[in-house]
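Letter by letter, the chains look like this.
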Amino acid sequence: VLVTQGGVALANARLFARTQELATRDGVTGIYNHRHFFELLEAEISRSERHGLPLSVIMMDLDRGDADGGVGLKTINDTYGHQAGDELLRAVAAFLGNAVRRADTIARYGGDEFIILAPQTGHDEALVLAHRVSQHLGRAQFQVAGNAIRLTASVGVAVFRPGRGDSAGAVVSRADQGL
C-alpha cells in the first residue's frame, strides 16, 4: 500500500512539473512563452523599482534574409512546410539563447517575434546588446530543409526606469513601436 501511494505521489509530482513546463514554455521552441515572459517582466520591474536599477526589453522580429532576396518564415512555411518553419524557429531560439548574456531572458513573443529581458541594463547597454545580437544573427547560417539561409531582424529597444510608473505592457509596447 505504501509503495503504491508513493508511486502515485511520484507520478503526480512528475505530472505537476510537466504541467508547469507546458504553462511557461513555448511548444515549438522550448523557450519561455509570451505569458510567462510578462510574469518575469513584472517581477523584474518590481525588483528594478526596489533597487533603483533600469531594465531593458529588446523585441526582435525576423525579417527576410540575404541581400539576394532571402526568405522569411511565411515563405519557408509556404515552400517547405510548417515543420521546416518550426525547425527554423527552434534554431533561432537556440541561437538567441547563446547570443545573450546569462542574466538575460529570451521568450517567443509570437509568430517570428522574440523578446529579450535584460535586467540592470540601461539604454546604451541595451542598444549595444541589441546591435550585437542583430549583427550575429545576420551573419549566422540556418539550415532549412537542407538549404542554408540567412536572416535579419528588426529590433526595438525600450528601457524601464524606476519611478516613472510604467507598466510591463507599456515597456513592451515601446519596444514594439521601436521595431
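Residues numbered from 1 in each chain as written. Predicted model: local features only at pLDDT ≥ 70, side-chain atom pairs only at ≥ 80, totals over all residues. Heavy atoms only, no water.

Student: Tell me about the side chain of aspartate 26, and name the residues and values.
Tutor: Mapped onto the fold, aspartate 26 is located in the loop between α1 (2-24) and α2 (34-51). For aspartate 26, a relative accessible area of 15% gives the class buried. A distance of 2.8 Å separates polar atoms of two side chains, one belonging to aspartate 26 and the other to threonine 29. With near-sequence residues (within four places) excluded, aspartate 26 lies in contact with Ile31, Tyr32, Asn33 and Arg108. (Helix = DSSP H or I, 4+ residues; strand = E, 2+ residues; numbered from the N terminus. Buried < 20%, exposed > 50% of the residue type's maximum accessible area, 1.4 Å probe, protein only. Polar contact = N/O pair within 3.5 Å; in protein donor to acceptor, adjacent residues only side chain to side chain. Contact = heavy atoms within 4.5 Å.)

Student: Quick rundown of the confidence of the model for the protein chain? Include the residues and the values.
Tutor: Mean pLDDT for the protein chain: 90, with 89% of residues reaching 70 or above. Here α1 stands out as the element of the protein chain with the lowest mean pLDDT, 69, in contrast to strand β3 (residues 113-119), whose mean of 98 is the highest. (pLDDT = per-residue confidence, 0-100.)

Student: Break down the sheet that holds strand β2 (residues 105-110) for me, with residues and values.
Tutor: Across the sheet, four strands lie side by side as β2-β3-β1-β6; this open sheet has antiparallel pairing. Edge strands, defined here as strands with exactly one partner in the open sheet, are β2 and β6 (153-160). Going from strand to strand, the sheet's axes swing by 20° on average, the running direction of each strand aside. For β2 and β3, the ladder comprises five bridges, and the chain directions are antiparallel. Bridge assignment links isoleucine 106 to a residue of β3, and that residue is isoleucine 116. Relative to β6, helix α6 (residues 168-178) is tilted by about 145°, and along the sheet it contacts β1 (55-62), β2, β3 and β6. (Pairing = 2+ DSSP bridges. Axes fitted to C-alpha atoms, helices over the stretch in contact; angles between N-to-C directions.)

Student: Outline the nonpolar core, listing residues and values.
Tutor: Counting residues in each nonpolar core, the largest one holds 29 residues, and the members touching the most others are Met60, Leu88, Val92, Leu96, Phe114 and Phe142. For this core, the elements supplying multiple residues, two or more each, are β1, α3 (73-80), α4 (82-99), β3, α5 (123-139) and β4 (142-144). No other element matches the eight residues that α4 contributes to this core. Judged by nonpolar contacts, the second largest core, of 15 residues, contains Leu55, Met59, Ala107 and Ala168. (Core = buried A, V, L, I, M, F, W, Y, C linked by side-chain atoms within 4.5 Å.)

Student: Residue-level account of the packing of α4 against α5, with values.
Tutor: Here α4 crosses α5 at 135°, and the two axes come no closer than 10 Å. It follows from the interaxial angle that α4 and α5 lie oblique. The handedness of the crossing between α4 and α5 is right-handed. Contacts between α4 and α5 involve Phe95, Leu96 and Ala99 on the former and, on the latter, Arg132, Val133, His136 and Leu137. Classifying every residue of the contact of α4 with α5 gives five nonpolar, one polar and one charged. (Parallel < 35°, antiparallel > 145°, perpendicular 65-115°, else oblique. Left-handed = near helix turned anticlockwise from the far one by under 90°. Nonpolar A, V, L, I, M, F, W, Y, C, P; charged D, E, K, R; others polar.)

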